[in-house]
Amino acid sequence: MASSYSNNWSAVWHKILGAVWSSAEADNQPTWKGYLDEIETIKKYFDDVERVGPDLWAETEEGADLDLGDFGQGVITRYEAKKFAKRLIIPEELEEDSQYEEIYDATRMLNETCVLTQDYDAVGVLNDMFTTTNGRIGGDGQALCSTAHPIRGGGTVSNQLPTALSPSNTAMATMLVLIDKLPNPSGFITNGYKAQKVVGPSNYRFRMKEIWKSEQKDDTTNNAINSLKGELSTGGMYVPVPFMSSTTNWSMRTTVKRGAMFVWRRKPRFRKSSNDVNETKIATGSARWTTGFSDFRSFVGSNI
């Protein structure tokens, strides 16, 4: 059994047809690199442990014992790599008769679909951002964006807009303020979290330019300045993700490190071999990775 046979390509054997095969390849970089941090691991699985720091300093009388603080572990998130692979079998006749190498360049085809596979898998982080239905939950038992993330000392924290809003100058400003007020694992507002970029479906790509790139405030007639300019650490960058199942949900990626990640256990590996029994060439590709999030503060979203 082969992946393709000579009779599947009867139209490309004659040079008179010219270069009928063309592949308009992009730079072949996956979209997920725009919204997930990339790390590597040498372990089958590992636990990412949140550190919960001590309380605020206490006012202390002279000569009195200093207030004793405590610190410890918080939310624990486990990452375990999954294996992804594909095999192609090419008859030697297909290679012998073809005038165009691209037809049987199995490694290139495997590489293209490997990149696509990464994006289709990684987008689950965005597709399941507001739901636990598909089993993608954080170490605190909540979806990535939730109104009820538990924190130390009791209480909960929300990392989604209380009222879902479509992209606008007002919506962006509301989300930026929410990010400013996100408490750390100890429950304190630190003003240490900043918006890095906006992430959402391709449907918003031109709307986002109007909001972030305009000199004047968007959707006004009074020529007010656009106060949003310069608020993102990437200068107003929007990451359009065509693989998203929702065409309306959007979010902001914050500067939190190791918050939402693409974790490589083994990067893509490609191999070629021959099978003399049936005179075919075999091309295989495989990789091991997983995706997930350790810190819900890596995203703040609007669930429309």
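Quick look at the sheet that holds strand β7 (residues 195-200) now. A sheet is described by the order of its strands in space; here 4 strands give the open sequence β8-β7-β9-β12, paired in mixed fashion. Each end of this open sheet is capped by a strand with a single partner; those strands are β8 (238-240) and β12 (299-302). Strand-to-strand twist of the sheet, defined as the mean angle between neighbouring strand axes without regard to direction, takes the value 25°. As paired strands, β7 and strand β9 (residues 250-254) are joined by 4 bridges and run antiparallel to one another. From the neighbouring strand, V198 faces β9, where its bridge partner is M252. Docked against the sheet, helix α4 (residues 169-180) engages β7, β9 and β12, running at close to 40° with respect to β9. Those strands touched by helix α5 (residues 205-213) are β7, β8 and β9, and its axis lies near 175° from that of β8.

Every second residue of β12 is oriented toward a common face, with F299 and G301 on one face and V300 and S302 on the other, all of them buried. Here β9 pairs with β12 via 4 bridges, running antiparallel. Following the sheet pairing, S251 is matched in β12 by G301.

Excluding glycine, a negative phi dihedral is what most residues carry, and trans is how most peptide bonds are arranged. Unlike most non-glycine residues, N191 shows phi in positive territory, near 60°. Looking at the element boundaries, N191 is found in the loop between α4 and β7. Although it is not a glycine, E279 sits at a positive phi angle of roughly 50°.

Attention shifts here to the pattern of salt bridges. All told, the structure shown has 14 salt bridges when counted by the stated rule. Residue E50 is joined to R297 by a salt bridge in which the shortest nitrogen-to-oxygen separation is 3.6 Å. With E50 in strand β2 (residues 45-52) and R297 in the loop between β11 (280-293) and β12, the pair connects residues that are 247 residues apart, well separated along the chain. Its relative accessible area of 18% is what places E50 among the buried residues. Looking at R297, the relative accessible area reads 1%, which means it is buried. One network of salt bridges, in which partners are shared, links K33, E38, E40 and K267.

Further remarks concern the nonpolar core. Counting residues in each nonpolar core, the largest one holds 25 residues, and the members touching the most others are M172, V198, M208, W212, W250 and M252. Listed by contribution, the elements that provide at least two residues to this core are α4, β7, α5 and β9. Sort the elements by how many residues they give to this core and α4 lands first, with 6 residues. Contacts of M252, omitting those with residues within four sequence positions, involve M172, M175, L176, I179, A195, K197, V198, W212, S298, F299 and V300. If you look at the next biggest cluster of nonpolar residues, it comprises 23 residues, including M129, L144, M244 and W289.

For the rest of this paragraph, the subject is the packing of aromatic side chains. Any pair of aromatic rings gets described here by the distance separating the centres and the angle formed by the planes. Inspection of every chain in the model, using the stated rule, returns 8 aromatic pairs. Considering the side-chain rings of F46 and Y79, the 5.2 Å spacing of their centres and the 15° angle between planes classify their relative orientation as stacked. Placement of the pair is F46 in strand β2 and Y79 in strand β3 (residues 72-80), with a sequence separation of 33 residues. Taking the relative accessible area as the measure of exposure, F46 reaches 12% and is therefore buried. Consider the rings of F84 and W289, whose centres lie 4.1 Å apart with planes at 10°: the pair is stacked. In this pair, F84 sits in strand β4 (residues 82-91) while W289 sits in strand β11, placing the two residues 205 residues apart along the sequence. Pairwise contacts between aromatic rings join W32, F84, F262, W264 and W289 into one cluster.

Reading guide: rules and limits
- Residues numbered from 1 in each chain as written.
- Predicted model: local features only at pLDDT ≥ 70, side-chain atom pairs only at ≥ 80, totals over all residues.
- Heavy atoms only, no water.
- Pairing = 2+ DSSP bridges.
- Helix = DSSP H or I, 4+ residues; strand = E, 2+ residues; numbered from the N terminus.
- Axes fitted to C-alpha atoms, helices over the stretch in contact; angles between N-to-C directions.
- Contact = heavy atoms within 4.5 Å.
- Buried < 20%, exposed > 50% of the residue type's maximum accessible area, 1.4 Å probe, protein only.
- Salt bridge = Lys/Arg side-chain N within 4 Å of Asp/Glu carboxyl O.
- Core = buried A, V, L, I, M, F, W, Y, C linked by side-chain atoms within 4.5 Å.
- Phe/Tyr/Trp six-rings, centres within 6.5 Å; stacked < 30°, edge-to-face > 60°.

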